[in-house]
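Breakdown of the fold
Listed below, chain by chain, are the residues.
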There are 8 protein chains.
Amino acid sequence: MAKPQVAIIMGSDSDLETMMESAGVLTNFGISHDIQVLSAHRSPDRLRRFCTGIKKRGIQVVIAGAGGAAHLAGVVAAHTTVPVIGVPINSTPLSGLDALLATVQMPSGIPVATVAIGKAGAVNAGVLAAQILGVHSKPLQAKLLKHKQKLTKSVIEKNNRLKRRARS
Amino acid sequence: MAKPQVAIIMGSDSDLETMMESAGVLTNFGISHDIQVLSAHRSPDRLRRFCTGIKKRGIQVVIAGAGGAAHLAGVVAAHTTVPVIGVPINSTPLSGLDALLATVQMPSGIPVATVAIGKAGAVNAGVLAAQILGVHSKPLQAKLLKHKQKLTKSVIEKNNRLKRRARS
Amino acid sequence: MAKPQVAIIMGSDSDLETMMESAGVLTNFGISHDIQVLSAHRSPDRLRRFCTGIKKRGIQVVIAGAGGAAHLAGVVAAHTTVPVIGVPINSTPLSGLDALLATVQMPSGIPVATVAIGKAGAVNAGVLAAQILGVHSKPLQAKLLKHKQKLTKSVIEKNNRLKRRARS
Amino acid sequence: MAKPQVAIIMGSDSDLETMMESAGVLTNFGISHDIQVLSAHRSPDRLRRFCTGIKKRGIQVVIAGAGGAAHLAGVVAAHTTVPVIGVPINSTPLSGLDALLATVQMPSGIPVATVAIGKAGAVNAGVLAAQILGVHSKPLQAKLLKHKQKLTKSVIEKNNRLKRRARS
Amino acid sequence: MAKPQVAIIMGSDSDLETMMESAGVLTNFGISHDIQVLSAHRSPDRLRRFCTGIKKRGIQVVIAGAGGAAHLAGVVAAHTTVPVIGVPINSTPLSGLDALLATVQMPSGIPVATVAIGKAGAVNAGVLAAQILGVHSKPLQAKLLKHKQKLTKSVIEKNNRLKRRARS
Amino acid sequence: MAKPQVAIIMGSDSDLETMMESAGVLTNFGISHDIQVLSAHRSPDRLRRFCTGIKKRGIQVVIAGAGGAAHLAGVVAAHTTVPVIGVPINSTPLSGLDALLATVQMPSGIPVATVAIGKAGAVNAGVLAAQILGVHSKPLQAKLLKHKQKLTKSVIEKNNRLKRRARS
Amino acid sequence: MAKPQVAIIMGSDSDLETMMESAGVLTNFGISHDIQVLSAHRSPDRLRRFCTGIKKRGIQVVIAGAGGAAHLAGVVAAHTTVPVIGVPINSTPLSGLDALLATVQMPSGIPVATVAIGKAGAVNAGVLAAQILGVHSKPLQAKLLKHKQKLTKSVIEKNNRLKRRARS
Amino acid sequence: MAKPQVAIIMGSDSDLETMMESAGVLTNFGISHDIQVLSAHRSPDRLRRFCTGIKKRGIQVVIAGAGGAAHLAGVVAAHTTVPVIGVPINSTPLSGLDALLATVQMPSGIPVATVAIGKAGAVNAGVLAAQILGVHSKPLQAKLLKHKQKLTKSVIEKNNRLKRRARS
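Within every chain, residues take consecutive numbers counted from 1 along the sequence as written. Labels follow written order: the first chain is A, the first ligand is 1, and so on. Only residues with pLDDT of at least 70 get local features here, since the model is predicted, and only at 80 or more are side-chain atom pairs given and counted; chain-wide, interface and lining totals rely on the full set of residues. With hydrogens and water excluded, all non-hydrogen atoms of the structure serve as input to the side-chain values.

**Some remarks on the overall build of chain A**
Helical segments are the DSSP runs of H or I of at least four residues, strand segments are the runs of E of at least two, and each set is numbered from the N terminus. Regarding its fold elements, chain A presents 6 helices and 5 strands. Its helices and strands in sequence order give chain A the pattern β-α-β-α-β-α-β-α-β-α-α, from N to C terminus. Its C-alpha atoms give chain A principal-axis dimensions of about 60 × 40 × 30 Å. Exposure categories follow from relative accessible area, calculated using a 1.4 Å probe and restricted to protein chains: below 20% of the type maximum is buried, above 50% is exposed, and the middle band is partly exposed. The 168 residues of chain A split such that 65% are buried. Contacts are assigned to residue pairs with any non-hydrogen atoms lying within 4.5 Å of each other. If you take every contact in chain A between residues at least 6 apart in sequence, the share linking residues at least 24 apart comes to 67%. The accessible surface values rely on the Shrake-Rupley method and a 1.4 Å probe; as for residues, cover is taken only from the protein chains in view. For chain A, the exposed surface amounts to about 5900 Å²; the carbon and sulfur share of it is 53%. The charge count treats Lys and Arg as positive and Asp and Glu as negative. His and the chain ends do not count. One atom stands in for each charge, and that atom is NZ of Lys, CZ of Arg, CG of Asp or CD of Glu. Between the mean site of the 21 positive side-chain charges and the mean site of the 8 negative ones, chain A shows a separation of 13 Å.

**Structural notes on the relation of the copies chain E and chain G**
Residues below a pLDDT of 70 in either copy are left out; the C-alpha atoms of the rest, at least 70 in both, set the least-squares superposition of the copies. Placing chain E over chain G gives an RMSD of 0.0 Å and needs a rotation angle of 90 degrees, together with 0.0 Å of translation along the axis. Such a turn and shift between the copies fits a four-fold axis.

**Considering unusual backbone geometry**
Residue and element names in this part refer to chain B. Residues other than glycine seldom take positive phi values, yet Ser 95 does so here, at roughly 65 degrees. Its place among the elements puts Ser 95 in the loop between strand S4 (84-89) and helix H4 (97-104). Residue Ser 95 is classed as partly exposed on the basis of its relative accessible area, which comes to 22%.

**Brief notes about the confidence of the model for chain A**
Summary statistics for chain A give a mean pLDDT of 96 and a share of 99% for residues scoring 70 or more. Overall fold confidence for the complex sits at a pTM of 0.97, while the interface term, ipTM, reaches 0.96. pLDDT measures the predictor's confidence residue by residue and takes values from 0 up to 100.

**Notes on helix H3 (residues 72-79) of chain A**
In terms of burial, H3(A) is largely enclosed, as 7 of its 8 residues are buried. Restricting attention to buried positions, one finds in H3(A) the residues A:Leu72, A:Ala73, A:Gly74, A:Val75, A:Val76, A:Ala77 and A:Ala78.

**Some thoughts on the interface of chain E and chain F**
At the interface, 41 residues of chain E touch 41 residues of chain F. By definition, the buried area sums, over both parts, the 1.4 Å-probe accessible area that each loses when the two are put together. Between chain E and chain F, a total of about 3400 Å² is buried, with carbon and sulfur atoms accounting for 64% of that surface. Contact with chain F buries area across many residues of chain E, yet E:Thr81, E:Pro111 and E:Lys148 alone supply 17% of it, more than any other trio. A pair is scored as a salt bridge if a Lys or Arg side-chain nitrogen falls within 4 Å of a carboxyl oxygen belonging to Asp or Glu. Here chain E and chain F share 0 salt bridges between them. Counted as a polar contact is a pair of N or O atoms within 3.5 Å, where, for protein atoms, one must be capable of donating a hydrogen and the other of accepting one, and residues adjacent in sequence contribute only when both atoms are in side chains. Where chain E packs against chain F, one counts 19 residue pairs in polar contact (both at pLDDT 80 or more).

**Looking at the relation of the copies chain E and chain F**
Superposing chain E onto chain F requires a rotation of 180 degrees together with a translation of 0.0 Å along the rotation axis, leaving an RMSD of 0.0 Å. Each copy turns onto its partner about a two-fold axis. Taken together, the interface assignments show that 100% of the residues at the interface of chain E recur at the interface of chain F, consistent with an identical surface on both copies.

Structure follows, in structure tokens:
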């Protein structure tokens, strides 16, 4: 496998189904990536080694998904200067509001690029990573344009189906 | 002035004080940018012309600040494939919770990179733009590293001041 | 079919079941309407063509349903001077609170007439459209009065059933 | 004064400053209106007489502003078939969230067209009333178009001021 | 059946299962009551006749359950001087928070005695009605004391069961 | 002074200004009462002695105001069978939402009659106490009717003032 | 069984499944404990006897789980000087937000050590009790270190499984 | 100064005024402590050194105050086995709700003992630390008892003042 450009990490393996959405998007865009469980709270030393290795391994974007008191993205952002995308995951009774606030409300100076709660957010983390890498890549920009056209086309198809149903 | 790499837009001129924080950060990083008021609701056609012009003008990142039913970042994200950073602004009685949810909860396929509510978020939008542009720029990465060291140094200084006060 | 007086649009075809409630009410009131999927984020150009066509097509009221960062109603309201009714849809983990705030908290000058979250709101969007068209239509006013009487009658019937159950 | 087309009511005279925004907009659009304090809780019989009189007096739209357990708009909507616009007012420690939910979450069959919390909402209630009356009035439609253009123009002016400030 | 001392009303027959909890408690305390569906929004005139009849029928306490924009208890409180108990019902996506705020946040001068959301609240509405009627009734006070002892006894029994389970 | 019928207690002397509203209303209704600071957390034994004394002292209604984790009303309700009215007080950064939920969400079997957050709630606690005592007191009922008429009259006067202002 | 060092109490036997998580953790750490149902509202006198007995019985930490208007932990904290850990339980429609605020927002002077809502919180209450007892116990500190290593190891194992799955 | 038993850390020097409350309480209890600014985001390496040093320095309890996406307490808890007390600080537009959720909603296995938002919480963090250290210290237990008596006494004094005021 190619050296990964994007690292996907998540706080718990129960987040895997959600975060596979990010991986799927990256695969579709032809962006190399790896994926692992790395908890800010249960494996802080491994997380730190991961952070120290970001530059050396040539990682260009990090996607971090976590629920509850979601510190994962923020802790990575504290250690690195590459863009960190945070996916708040709905894994407590508070419906992901806790994860959203714990991810997005970062203090002045250390940003986390936060996306929507859950699977929609995980998809969008993949797209955002592609957009970031696309800033200096014409081929990726072309793929992103196609992605946009596909979204539009799917809306058109849904409408056609709707019309056919209305007629019958 | 150099052709802007980053465009800062805001929904209302009452957001100007907040969004000047983004501009200040970009200036410190030596990133060319312009700034304007562009409302998704009050000037939709101008906003669309802005969106159409993003690619042609060579804009590489858009920072959009808005309050209330904050649609600005999302509408730009719908039209472009460059990364869009959303700054939720606290300008209604709901303390920016409305702007946060209206900015971050984007549907699958169209991300907005959302940062914290208010000035901390505006600062971080500037830093995040620098991180995105830094993916392919060694000089920017060096500046980002210095920025991180400065943050750490300011923590050390605050501690020294704290100790001196404790002694006296 | 008659030229539609009301256009029903929705951000995603997963909103269809909810928005069919609006269509059902309009059908009961004998108000011509059409219905389509039109995303503010996935098909912005089609949405704009829709907005430009509102006046020409003689559309008098727009009903727009959307979930999450629900920008659909607001974007239409930005482009048109006909009344726009927004139906917040519960399609994220936040139970529709995100859609409600993103729909109702419009800035000064550009209203969206917001109704309740979900199916109750979709029904009410239909009734509100009838009330708006009824301002200048005696027959519609008569139908609205009957609608009110039917609501009251259903309360009476429920009470009778309750009493019979209590007796038996 | 001309027979009022729009009635503005509010739950308390402390809401007057907010609701004068609705009145100001209607005056600008040349729409006749009256304004009074009418509490769903403190003057229920007067409110009922008001409701019974809506049709007779030729009132075509009602705008109702209230805070806290804001029942005013809903109670009027229960009695009439003309469109009722609800303005949630921020007059308790809960920042208007209570008034918003108490106004917008109406049951199936009885809509209240809800606008934003506070002054922005009061302005928009006036604009929405104009849009409703504009459905059958070419002159009002022309005025609404001008209103939209004025909003856009003000955005342009703000930008020019911004540019001049940047230059100097 | 005896002339009812307590009237239980609810906004919708879907609230019946919840409000039967109030009825059950009153039956246990030997307090005569009747129960009916009466919507503030769908049957306002019937509701008003109910309100006018409270004193004549000798009703001493009203229990009103409603969901969403729960105006029922507040509207009754506006018309009467007998204590009105409000039960917020969880019947919208917002989990009863809307009903709670719409019931409890009454303006100065017109109280609604609000209890917990849902069935626990409906039970407690029955107990509170008994406490209110008990102010001048020794037999009811005795029954309330027994009710309290039964609650305590059930805690003791649960503990015994717990201990037996722990031993086995 | 007469033996108090109503006891007003509060969790902290910073709640005094709010709770004096309850006292003022009771004075107006000619209902004897006393008022004291009694914390569920800081003086639990004194609170318990208070609870044990309720019956002996002939207290017929308790009004308890508290902020934050407002346990005061619930603890009293646990010990007594007289009606307990809870006033949530806004004394933490969470605007009284904490006090509201901690007061109203009582478990099945032990009601607290909860009123609005803050001063409006404190006024209403006084009125509700009067309504409860009024169940068996014709004179109090007459006073409550007058109170209602005064509320209505104040609405009328506010309207007259509004009209005079409009004319001038 | 050994004299219990930790007492686990809960407001209702429906909380038992959750609170057994605390018991399980304590058993794993070899910390003696007992467990019982003790309601602040349904069995206040038993709760008080429990509080009075804490010191005599040599209880060193109390863990209290409760839902809704969760007063249990606060009431115990009012009576004792041993550390009290509060577990908010999700047992009402408000998803445990009510229990969280009613547990954590204690007034100045009387702390409750609050942990997460639900089972995660119950587990953590057990771990926190072990940490507190570990302050003066080398063996417990060693066990806590092993517990931490086990958490890390489980992250490593999950990653290995993830890699194997990725390869196949 | 004595070797510190308790370490107080905070995320920003703007939290100093709040966290001095913890220090004040510890001083009153005669518990040695130090205090410093240590940001999880701005000085992660210093924070890690602090964590590594906890055991060596003989720190027995850590108190960590932070606002917004408050990760400080959680990050320390990830690295140590001594009890960590988290104080959520109200330093963003969201009134400390973000800090509360980011502090308390820790995942299974890694507790943070969370106290109230703001100064009340900071005071209580000090008291909780004293309670934890008091588990094995008779003198501290005696001081805690006195602290409780002082709280009660202050309630009595407030009542006496209240009575004198009532008399005059």
